[in-house]
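# Overview (structure and organization)
Here's the letter readout for the chains.
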Amino acid sequence: QKEVEQNSGPLSVPEGAIASLNCTYSDRVSQSFFWYRQYSGKSPELIMSIYSNGDKEDGRFTAQLNKASQYVSLLIRDSQPSDSATYLCAAIASGGSYIPTFGRGTSLIVHP
Amino acid sequence: DVKVTQSSRYLVKRTGEKVFLECVQDMDHENMFWYRQDPGLGLRLIYFSYDVKMKEKGDIPEGYSVSREKKERFSLILESASTNQTSMYLCASSLLAGLAEGFFGPGTRLTVL
């Protein structure tokens, strides 16, 4: 059974700091990884996808993938209170049904 | 700019009722999904569909059925609602295989009394 693990948090960081969110997965076949942001009472919104080892940057967000160590992380630079949300990590394995496995999410709180 | 819509944001039903949750996407996506989300349990896949009239069971299909008669519409049916089906139901669609680069609808919070 493929598993995606996240620390439930909450992770609390001050405004302007770098927030680091981590995700580990158990299945070596996993090839595609996604980060979703979910505000309280709202549905998840895709913010980053990463398919290759290394870093991928998009504005204040950087996704990092290390397939050998089976972890993927999301860095949020210059964190803002509006970044306060739950962040879901998802992994899709190559072949098969391509159905993602979601982690249970990490709650991030950015305090002024 | 609405991409995935769900028929209701909040729904209250009684035990034993038949419940229909509708989802419509306007992006011409082939792949559509139904999830439920519960505190502490995360997102769990109920059913998904890769094409019209096609359906596949997810991780927790018991007590649910689905219908996809048109490409843009994917319906979730609770044949006989029970209190343990009280949850947030999320529909999603994607162009790429699986839920890659996908979009979620706003969700339906269903309460079964």
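## A few points about the overall build of chain B
- What chain B contains, in helices and strands, is 0 helices and 11 strands.
- Tracing chain B from N to C terminus, the helices and strands come up as β-β-β-β-β-β-β-β-β-β-β.
- For 113 residues, the compact-globule estimate of 2.2 N^0.38 gives 13 Å, and the C-alpha radius of gyration of chain B, at 13 Å, lies within 12% of that figure.
- Along the first, second and third principal axes, the C-alpha atoms of chain B reach 35 × 25 × 25 Å.
- Counting the 113 residues in chain B, one finds 50% classified as buried.
- Restricting to contacts in chain B with at least 6 residues of sequence separation, those with at least 24 account for 56%.
- Surface summary for chain B: the accessible area is close to 5400 Å², and the carbon and sulfur share equals 52%.
- Charged side chains of chain B number 15 positive and 15 negative; the gap between the two group centres comes to 6 Å.

## A closer look at the confidence of the model for chain A
- Here chain A averages 91 in pLDDT, while 94% of its residues score no lower than 70.
- Put simply, strand β10 (residues 101–102) of chain A is where chain A has its lowest mean pLDDT, 88, and strand β2 (residues 11–14) of chain A is where it has its highest, 97.

## A look at the state of the cysteines
- Going through the model one piece at a time under the given rule, you end up with 2 disulfides over all chains.
- Covalent S-S linkage joins Cys 23 of chain A and Cys 89 of chain A, the inter-sulfur distance amounting to 2.1 Å. Sign of the S-S torsion, about -75 degrees for the bond between Cys 23 of chain A and Cys 89 of chain A, identifies this disulfide as left-handed. Of this pair, Cys 23 of chain A sits in strand β3 (residues 19–25) while Cys 89 of chain A sits in strand β9 (residues 85–93), and the two are 66 residues apart along the sequence.
- Overall, Cys 89 of chain A belongs to the buried group, its relative accessible area being 1%.
- Across the disulfide from Cys 23 of chain B sits Cys 91 of chain B; the S-S distance is 1.9 Å. In this structure, the disulfide formed by Cys 23 of chain B and Cys 91 of chain B twists by about -75 degrees around the S-S bond and is classed as left-handed. One end of the pair, Cys 23 of chain B, is in strand β3 (residues 19–25); the other, Cys 91 of chain B, is in strand β9 (residues 87–94), and 68 residues separate them in sequence.

Calculation notes
- Residues numbered from 1 in each chain as written.
- Chains lettered and ligands numbered in written order.
- Predicted model: local features only at pLDDT ≥ 70, side-chain atom pairs only at ≥ 80, totals over all residues.
- Heavy atoms only, no water.
- Helix = DSSP H or I, 4+ residues; strand = E, 2+ residues; numbered from the N terminus.
- Rg over C-alpha atoms; globule rule 2.2 N^0.38 Å.
- Buried < 20%, exposed > 50% of the residue type's maximum accessible area, 1.4 Å probe, protein only.
- Contact = heavy atoms within 4.5 Å.
- Areas by Shrake-Rupley, 256 points an atom, 1.4 Å probe, with all protein chains shown as cover.
- Lys, Arg positive; Asp, Glu negative; His and termini not counted.
- Charge placed at Lys NZ, Arg CZ, Asp CG, Glu CD.
- pLDDT = per-residue confidence, 0-100.
- Disulfide = S-S within 2.5 Å.

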